[in-house]
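Now for the letters of each chain:
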There are 2 protein chains.
Amino acid sequence: MIERGFAAEKLSRAEVDELRERSRLCRGDILKMTTLASSGHPGGSMSTVDIAVLVYAKANIDPRNPCMPGRDYVLVSHGHVSPAVYSSLARTGFFDPAAAIAGYRLAGSLFEGHIEHQIPGVEWITGNLGQGLSAGCGLSLAHRLHGRKGRTFVLMSDGEQAKGQIAEARRFAVKYGLTDLTVVIDFNELQISGSIHDVMPNNIAGCFEADGWAVIRADGHDFQTLYSALRSAVNDGKPSVVIAKTVMGKGVSFMENVVEYHGSAVSREQLAKALSELGIPNDMDRFEKARKEFRPPGIEVRSCPIETNLAVSQGSPVLYPADASTDNRSAFGAALLDVAKASAQKPGSAPFAVFDCDLSVSVKTAKFGSEFPRNFFQAGVQEHNAATVAGALSSKGVACFFADFGVFGVDETYNQHRLNDINWANLKVVCTHVGIDVGEDGKTHHCLDYVGAMRNIFGFNVVVPADPNQTDRAIRAIAGKPGCWLVAMGRSKTPVVKKADGTPFFDKEYAFEYGKADWLREGFDCVIATMGSLVPRAIAAADKLKEKGVKAGVLNVPCPKQLDPDAMRKAAEAGVIFSYEDHNVHTGLGSCIADYILENSLPASLVKLGVRHYAPSGRTEDLYREMGLSTEHLVEKVLETLRT
Amino acid sequence: MIERGFAAEKLSRAEVDELRERSRLCRGDILKMTTLASSGHPGGSMSTVDIAVLVYAKANIDPRNPCMPGRDYVLVSHGHVSPAVYSSLARTGFFDPAAAIAGYRLAGSLFEGHIEHQIPGVEWITGNLGQGLSAGCGLSLAHRLHGRKGRTFVLMSDGEQAKGQIAEARRFAVKYGLTDLTVVIDFNELQISGSIHDVMPNNIAGCFEADGWAVIRADGHDFQTLYSALRSAVNDGKPSVVIAKTVMGKGVSFMENVVEYHGSAVSREQLAKALSELGIPNDMDRFEKARKEFRPPGIEVRSCPIETNLAVSQGSPVLYPADASTDNRSAFGAALLDVAKASAQKPGSAPFAVFDCDLSVSVKTAKFGSEFPRNFFQAGVQEHNAATVAGALSSKGVACFFADFGVFGVDETYNQHRLNDINWANLKVVCTHVGIDVGEDGKTHHCLDYVGAMRNIFGFNVVVPADPNQTDRAIRAIAGKPGCWLVAMGRSKTPVVKKADGTPFFDKEYAFEYGKADWLREGFDCVIATMGSLVPRAIAAADKLKEKGVKAGVLNVPCPKQLDPDAMRKAAEAGVIFSYEDHNVHTGLGSCIADYILENSLPASLVKLGVRHYAPSGRTEDLYREMGLSTEHLVEKVLETLRT
């Protein structure tokens, strides 16, 4: 029996014996599962496994209740050592090791090649290296914002230390005093291409120290010294890293320090020899049989509940009057603040967290920051880290917003969001500067793919509101919603969208509903489908066309990834749809509509207006003119098309 | 007259006087242009300008010949200080300062908000912070690979030092001994949100030192000490950083250390006061007039020639026989090596560079690495840096390949490639592990957006070859071509595509032509449009359909971003096209075809088969079955569709 926690000064002899026995069994499991799958990463698994066995034994977790509230979080950044993780979780009592051995890397089994968070005990899916420490910062903040005392352990590899995102995460942890964060690096000094000192020399200890971390060294295969190091790390009042010296392939004579076993399983013959060295019976026949029959032993999936709707108050919607002079980003900032305030006043509400990368005044989260300094995280110019911290935090019951310019919140952090989505995060990304509406900052800052990029990420919902009223209602509606969301808006002031009678279109009765499009103007000579900054210009064009005898409908499509079937059917009846967007013309709203028309065999033709090449720097109006996107261009295009 | 170079121990008094005068004039220019544009970043420009004036005065560059071969490269990473860059280039003699003042941030003028490389003297467009040092590494390598002695200077801001990509670039510079690289940091200690020490505490000197750089401190407004620091940096035989203490808004009393002027221009009244402090006449009327008339004074655009076709030998194409058992990535590796060898033997050929991120054995560049160690750059697990280094290097006459898995070469480095494209780079990105064909590594490693992401980047050409023969010919064809290219391929072995007579389809006569599709099988009951890993399965499906009396054509579409008009017209005649792809079904080949059908009013319907959600981990065949992409699924779908 091993006592959890770090109260004892040393491990008892019985504990050491038990840990050794677990590790021995794990090594057998690792070799069996990788050889059975004929793929996987045994070498690093054998070097990490003693660390994993010890951390899973001592952390405040409960194998019978893997979702125990207030538990310590254990996150493994180098997800390719899944055999070490699965076997050590199994041998700690989380599930039957036979399930992992027989099902490893088999389609239809949970035991994927990189660790999968539906496996009890796995908190975060990793596999793309260098993001785990950021995710660990997010989990650590979850403890803090929920007022809990839990610790966060992040196991990492040495090769991945080269990734810059880790430096960002180190600084973030120090700035925010994440003293309950403990990193353990599996320092086996080998990576795929050879010695880490040859592949990319990296002063790991020096870099952690320069960034203000406590650095502790240990023997990663000696439980007593490893425990002492962990105990010291846990108690030293600083974010701490244990650099644990290990041996790749540890425990099997012919595998030790052989880099080829990083990513290759041993043969059946070698396996027999290895198991015999480890004193483990060779029972591969039974696993092979289960695998061949595609019937690996199952496990009870006890992945912790993905938060559905969070307890978040929607506050009091703001009705911007017809003559309001403001921009969508200010409406976002005001709605966010109001929702957070209303929630703070209601006991039992989810805590909020807002992340900024040195742009809070522009992206309008500065007021939230002043009002809720404990819930506002200034990450500086470290977008990769901010996106992952926020994503991980959002997966643990916190209403989490990451606001940034489009080129940073979409383009720079694209892969971080892909991984957030894979992890069933619930992050709200708000990008306040999208399109050439960004203007004078020029092409490096014109985000032209806020739909086109996010269309690739299966779970991300995308909302492009038309005006301050729709922005207000959308932000309130999604604040507590599950899943990842992008809300994208232009930079400039934009008029309140009005009904024909001059009153606000998105009025007191309006409620935002994902996937619903809005008929801003009726008219079926043709339909102009638009979104975001170009909405007022589409309306102006419809007005001008009316003067010329053409009745053009204007359809606002704030949810281009989920088109509105009723509206699309109705639009198609006009025969010709014009898509009109401040976005790359090939990948945005027009492309979504093209797909929809063909998938649903709608009898409509499509004419696309959008951005066809990088735009220069200049005032928004000048750029729209230069790029063929002014109201006049649209009118001309409609007339020309209807003429032919 | 200022003498170029760093031979003299000190600046002469006359030189100091001249530099001071230039800086004074520059400060006037900076204020005029930002106030005229009512936007821009005067604060940081005033703190950087003395550094810029000195570097442009001393570096081995020639204002009358900005493209001088062998010149020093001066790269400014914090592109928002464009007023400092434009004015100091102008006052060094590159062009008329009036052009920059009147045209600043005006649509139709070259003087964009962030520095633009069509401006003589600007080597690389920046604006998204944190990438400049990587680009500087690329420029430094260009000198080395061309056998030239030039230096590379990288000017940076202090706030951007938080970006992790900079840590990656530091390590790369040390590993590759880029001793001719000198960084100067404008250390004004302020960023948008306030003091850099509050926004994100960062031990800048300590981090550079930990990574092995020489750190030199200087007063960034005192030319004599700044020159000494630069001279020492240039001569110390290490990559060196000068941390130059500066004052934001330096030179105008009411602007100094006022953070608001980071991103805001001063008013007309304040400008008058500031110009008077600087002793500069207020001649704003003339610039305002020119700007209003949209006729800013022009400059002679002398941006250095973008390399068109590089001198690269295509080597000897390999014809893989009908029964070859190999994969596309091996064919890539062999073609790359052959092209490089053939070029190396031919005097006057462009040098090659191949970048790896610890995957050379998998991505098949290892043999190139052994054969050409001086041209092979092992960047370790530092993809952001590798992508930017390679991009910048590719813009300077080097045949440059960056090979990686899809999730790293496309997803993780998406924004780096966007900026490479904006910079007219000529980078060849080869992603060897795309689609669920990646198999057991699971969803974190399944790149499902290699078309969908790159469709957003205007200039990127995308090639998805069907088999080893097409891969061979495509790699040889593009090696010397201008522009950015992605060549994407699956991981698994794949059969040679054969004609009906059993001989290789891509035979000795075949030459790769961008935008051309291939009719692998004729048949016009319907057409299956496909690419990459699914090509052999599409052919198998067509064979099975034939047995059932359905004549299905099979169209290989290796260039989904540029569809083949003839092939598409012919395919449309079949009435129904099936797109069949190992890619996100919403954003890949099917979506490109949908767009094309509607843009060209083709009379065809479209049925899309592709990946509809994240796939698990497993063998490729099992995954295709599980995701509805097996040959049998395709046959069934065709029959079902034609039946209705």
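Scoring rules and cut-offs
- Numbering of residues starts from 1 in each chain and follows the order in which that chain's sequence is written.
- Written order determines the labels here, with chains lettered from A and ligands numbered from 1.
- This being a predicted model, a pLDDT of at least 70 is required before a residue's local features are given, and a value of 80 or more before pairs of side-chain atoms are given or counted; all residues contribute to the totals for chains, interfaces and linings.
- Water and hydrogen atoms play no part in the side-chain values, which are based on all heavy atoms of the structure.
- Secondary structure elements are taken from DSSP: a helix is a run of H or I of four residues or more, a strand is a run of E of two residues or more, and numbering for both begins at the N terminus.
- When we talk radius of gyration, it's over C-alpha atoms, and the globule rule is simply 2.2 Å times the number of residues to the 0.38.
- Exposure classes here rest on a 1.4 Å probe applied to the protein chains alone. A residue is buried below 20% of its type maximum, exposed above 50%, and partly exposed in between.
- Contacts are assigned to residue pairs that have any heavy atoms within 4.5 Å of one another.
- All accessible-area figures derive from a Shrake-Rupley calculation using a 1.4 Å probe, and residue coverage is judged against the displayed protein chains alone.
- Think of each axis as a best-fit line through the C-alpha atoms, taken over the contacting stretch in the case of a helix, with angles from 0 to 180 degrees between the N-to-C directions.
- A crossing counts as left-handed when the near helix is turned anticlockwise from the far one by less than a right angle, and as right-handed when that turn is clockwise.
- All residues other than Ala, Val, Leu, Ile, Met, Phe, Trp, Tyr, Cys, Pro, Asp, Glu, Lys and Arg, Gly among them, are scored as polar; the first ten of these are nonpolar and the last four charged.
- What pLDDT reports is the predictor's confidence in each residue, on a scale of 0 through 100.
- Accessible area that two parts lose when put together, with a 1.4 Å probe and added across both, is what the buried area reports.
- Salt bridge, as applied in this entry: a Lys or Arg side-chain nitrogen positioned within 4 Å of an Asp or Glu carboxyl oxygen.
- Under this definition, polar contacts are N or O atom pairs within 3.5 Å; protein pairs additionally need one hydrogen-donor-capable and one acceptor-capable atom, and for neighbouring residues in sequence, both atoms have to be side-chain atoms.
- The least-squares superposition of copies is restricted to C-alpha atoms, and to residues with a pLDDT of at least 70 in both copies.
- Working definition: roughly parallel below 35 degrees, roughly antiparallel above 145 degrees, roughly perpendicular at 65 to 115 degrees, and oblique for all remaining angles.
- In what follows, a disulfide is any cysteine sulfur pair within 2.5 Å.
- An automatic or database domain assignment supplies the residue ranges for each domain.
- Only buried residues count toward a nonpolar core. Its members are Ala, Val, Leu, Ile, Met, Phe, Trp, Tyr and Cys residues joined through side-chain atoms within 4.5 Å.
- Here, any two strands with at least 2 DSSP bridges between them count as paired.
- Note on handedness: a clockwise path from strand one over the helix to strand two, with the strands aimed away from the viewer, defines a right-handed crossover.
- Ring geometry is summarised as follows: Phe, Tyr and Trp rings, the Trp one being its six-membered ring, pair when their centres sit within 6.5 Å, and such pairs are stacked at plane angles under 30 degrees, edge-to-face over 60 and tilted between the two.
- Given a helix with a known number of residues, its expected span is that number minus one, times 1.5 Å.

Novice: I'm lost on the overall build of chain A in this one. Help?
Specialist: On a plain count of helices and strands, chain A comes out with 23 helices and 20 strands. In summary, chain A has a C-alpha radius of gyration of 28 Å against a globular reference of 26 Å for 644 residues, a match within 12%. On the principal axes, the C-alpha backbone points of chain A span a range of 90 × 50 × 45 Å. Buried residues in chain A amount to 70% of all 644 residues. For chain A, the proportion of contacts with a sequence separation of at least 24, taken over those separated by at least 6, is 78%. Accessible area of chain A: about 19,900 Å², with a carbon and sulfur share of 50%.

Novice: I keep staring at the packing of helix 12 (residues 328-344) of chain B against helix 18 (residues 468-478) of chain B and nothing clicks. Help me out?
Specialist: Pairs of packed helices are described in terms of their axes, by the angle between the two and the distance that separates them. Residue and element names in this part refer to chain B. Packing of helix 12 against helix 18 leaves a shortest axis separation of 8 Å and a crossing angle of 35 degrees. Here helix 12 runs over helix 18; the crossing is right-handed. Contacts between helix 12 and helix 18 involve Asn328, Ala331, Phe332, Ala335, Leu336, Asp338 and Val339 from the first element and Pro468, Thr471, Asp472, Ile475 and Arg476 from the second. Residues of the contact of helix 12 with helix 18, tallied by class, amount to seven nonpolar, two polar and three charged.

Novice: What's the story with the confidence of the model for chain A in this structure? I'm lost.
Specialist: Residue-level pLDDT values for chain A average 96, and 98% of them are 70 or greater. Overall fold confidence (pTM) sits at 0.98, and the ipTM for the predicted complex is 0.97.

Novice: Can you help me understand unusual backbone geometry in this one?
Specialist: One can expect most non-glycine residues to show negative phi and most peptide bonds to be in trans. All names here are of chain B. A positive phi angle, near 60 degrees, is found at Asp358, a position not held by glycine. Examined against the element boundaries, Asp358 turns out to sit in the loop between strand 9 (352-356) and helix 13 (360-363). We classify Asp358 as buried; its relative accessible area is 4%. The backbone of Lys364 shows a phi angle near 70 degrees, a positive value even though the residue is not glycine. One can find Lys364 in the loop between helix 13 and helix 14 (366-371).

Novice: What's the story with the interface of chain A and chain B in this structure? I'm lost.
Specialist: Much of the literature gives interface size as the accessible area that the parts lose upon coming together. Contacts between the two partners involve 105 residues from chain A and, on the opposite side, 104 residues from chain B. Of the roughly 8,000 Å² buried where chain A meets chain B, counting both sides, 52% is carbon and sulfur surface. Of all residues in chain A, Phe458(A), Leu598(A) and Tyr614(A) give up the largest surface area on contact with chain B, accounting jointly for 10% of the area buried on that side. The interface formed by chain A and chain B holds 16 salt bridges in total. Here Lys443(B) and Glu112(A) are joined by a salt bridge, their closest N and O atoms 3.3 Å apart. The tally of links from chain A across to chain B stands at 62 residue pairs in polar contact (both at pLDDT 80 or more). Looking at the side of chain A that touches chain B, its residues break down into 35 nonpolar, 41 polar and 29 charged.

Novice: Would you mind going over the environment of Glu371(A) with me for this structure?
Specialist: All names here are of chain A. Relative to the elements of secondary structure, Glu371 occurs in helix 14 (residues 366-371). Of the residues examined, Glu371 reaches a relative accessible area of 43% and is grouped as partly exposed. Excluding its chain neighbours within four sequence positions, the residues that come into contact with Glu371 are Leu337 and Lys341.

Novice: Teacher, can you tell me more about the relation of the copies chain A and chain B here?
Specialist: The two chain copies are connected by a rotation around an axis plus a translation along it. Once turned by 180 degrees and shifted 0.0 Å along the axis, chain A lies on chain B with an RMSD of 0.0 Å. Here the copies are linked by what is in effect a two-fold axis. Looking at the rotation axis and the C-alpha trace of chain A, the residue lying nearest is Gly164(A), at 1.8 Å. Of the interface residues in chain A, 99% have counterparts in chain B that sit at the interface too, so the contact is made through matching surfaces.

Novice: Teacher, can you tell me more about the packing of helix 5 (residues 132-145) of chain B against helix 6 (residues 164-175) of chain B here?
Specialist: Residues and elements named next belong to chain B. Running from amino to carboxyl end, helix 5 crosses helix 6 at an angle of 25 degrees, the nearest separation of the two axes being 8 Å. Comparing the axis directions of helix 5 and helix 6 gives the class roughly parallel. Together, Leu133, Ser134, Cys137 and Leu141 of helix 5 and Gln165, Ile166, Ala169, Arg170, Phe172 and Ala173 of helix 6 make up the contact between the two elements. Taken together, the residues of the contact of helix 5 with helix 6 break down into seven nonpolar, two polar and one charged.

Novice: What am I meant to see in the state of the cysteines here?
Specialist: Each disulfide consists of one covalent bond between the sulfur atoms belonging to two cysteines. Scanning the model with the defined rule gives zero disulfides over all chains in all. Residue Cys559(A) stays outside any disulfide, its sulfur separated by 11 Å from that of Cys592(A), the closest cysteine.

Novice: What exactly am I supposed to notice about the domain arrangement of chain A here?
Specialist: All names here are of chain A. Each assigned domain of chain A is listed here: domain 1 (14-292), domain 2 (328-488) and domain 3 (518-643). Using C-alpha coordinates to define each centre, domain 1 is positioned 32 Å away from domain 2. Tallying the contact residues gives 26 residues for domain 1 and 31 residues for domain 2. Per-residue buried area on domain 1 facing domain 2 is highest for Trp124, Leu145 and Glu168; these three make up 27% of the total on that side.

Novice: Quick question: what am I supposed to make of the nonpolar core here?
Specialist: Side chains of a nonpolar character, in soluble globular proteins, are inclined to be buried together. Phe172(A), Phe355(A), Phe172(B) and Phe355(B) are the most contacted members of the largest nonpolar core, which has 329 residues in total. Here Phe355(B) is in contact with Leu141(B), Phe172(B), Phe377(B), Ala386(B), Val389(B), Ala390(B), Leu393(B), Cys400(B), Phe401(B), Phe402(B) and Ala403(B), once residues within four sequence places are set aside. Within the second largest apolar cluster, 71 residues are counted, among which are Ala57(A), Ala99(A), Phe153(A) and Ala229(A).

Novice: Mind showing me how you'd approach the pairing of strand 2 (residues 152-157) of chain A here?
Specialist: Note on strand geometry: in a regular strand, side chains alternate between the two faces of the sheet. All names here are of chain A. By the criterion of burial, strand 2 is predominantly enclosed, with six of the six residues buried. By the alternation rule, side chains of strand 2 split into Thr152, Val154 and Met156 and Phe153, Leu155 and Ser157, which are all buried. With four bridges connecting them, strand 1 (residues 73-76) and strand 2 associate as parallel partners. Paired with Val76 across the strands is Leu155, a residue of strand 2. Handedness of the crossover joining strand 2 and strand 3 (residues 181-187) through helix 6 (residues 164-175): right-handed.

Novice: Honestly, the packing of aromatic side chains in this entry has me stumped. Any pointers?
Specialist: For any two aromatic rings, the description comes down to two numbers: the centre-to-centre distance and the angle of the planes. For the coordinates displayed, the defined rule picks out 41 aromatic pairs over all chains. Judged by centre distance (5.0 Å) and plane angle (80 degrees), the ring pair of Tyr86(A) and Phe111(A) falls under edge-to-face. Here Phe111(A) lies in the loop between helix 4 (97-103) and helix 5 (132-145) and Tyr86(A) lies in helix 3 (residues 82-92), a separation of 25 residues in the sequence. With respect to class, Tyr86(A) is no different from Phe111(A); both count as buried. Plain terms: the ring middles of Tyr176(B) and Phe377(B) are 5.1 Å apart, the flat faces sit at 70 degrees to each other, and that makes the pair edge-to-face. Residue Tyr176(B) is found in the loop between helix 6 and strand 3 (181-187), and its partner Phe377(B) is found in strand 10 (residues 376-378); the two are separated by 201 residues along the sequence.

Novice: How should I be thinking about the pattern of salt bridges in this particular structure?
Specialist: All names here are of chain B. Taken as a whole and assessed by the stated rule, the structure comprises 76 salt bridges over all chains. Residue Glu440 pairs with Arg491 through a salt bridge whose shortest N-O separation is 3.7 Å. Taken together, the residues Glu440 in the loop between strand 12 (427-431) and strand 13 (461-463) and Arg491 in the loop between strand 14 (485-488) and strand 15 (493-494) connect sequence positions 51 residues apart. Arg491 sits in the partly exposed class, given a relative accessible area of 24%.

Novice: For this particular structure, what's the right way to read the pairing of strand 16 (residues 518-524) of chain A?
Specialist: Residue and element names in this part refer to chain A. Counting buried residues in strand 16 gives five out of seven residues, a clear majority hidden from the surface. Note that strand 16 and strand 18 (residues 552-556) share four bridges and pair antiparallel. The residue of strand 18 that forms the bridge with Trp519 is Leu555.

Novice: Help me understand helix 1 (residues 13-37) of chain A, please; the structure alone is not making it clear to me.
Specialist: Residues separated by three or four positions in an α-helix point in the same direction, a consequence of the helix having 3.6 residues per turn. For helix 1 of chain A, spanning 25 residues, the distance from its first C-alpha to its last is 36 Å, which sits close to the expected 36 Å at 1.5 Å a residue. Count one or two residues on from helix 1 of chain A and you reach Ser38(A), which has phi positive near 55 degrees.

Novice: Would you mind going over the sheet that holds strand 19 (residues 576-584) of chain A with me for this structure?
Specialist: The strands making up a sheet associate through hydrogen bonds between their backbones, and the pairing can be parallel or antiparallel. All names here are of chain A. With respect to topology, five strands assemble into an open sheet ordered 16-18-17-19-20, the strand pairing being mixed. Looking along the sheet, the strands with just one partner apiece sit at the ends: strand 16 and strand 20 (605-611). Pairs of neighbouring strands in the sheet enclose a mean axial angle of 20 degrees, with direction left out of account. One ladder, built from four bridges, connects strand 17 (residues 526-530) with strand 19; its direction is parallel. Bridging from a neighbouring strand, Ala529 pairs with Ser579 of strand 19. Taken strand by strand, helix 19 (residues 535-547) contacts strand 16, strand 17, strand 18 and strand 19, and its axis lies near 170 degrees from that of strand 18. Of the strands in this sheet, strand 16, strand 17, strand 18 and strand 19 touch helix 20 (residues 565-573), which is tilted by about 20 degrees from strand 16.

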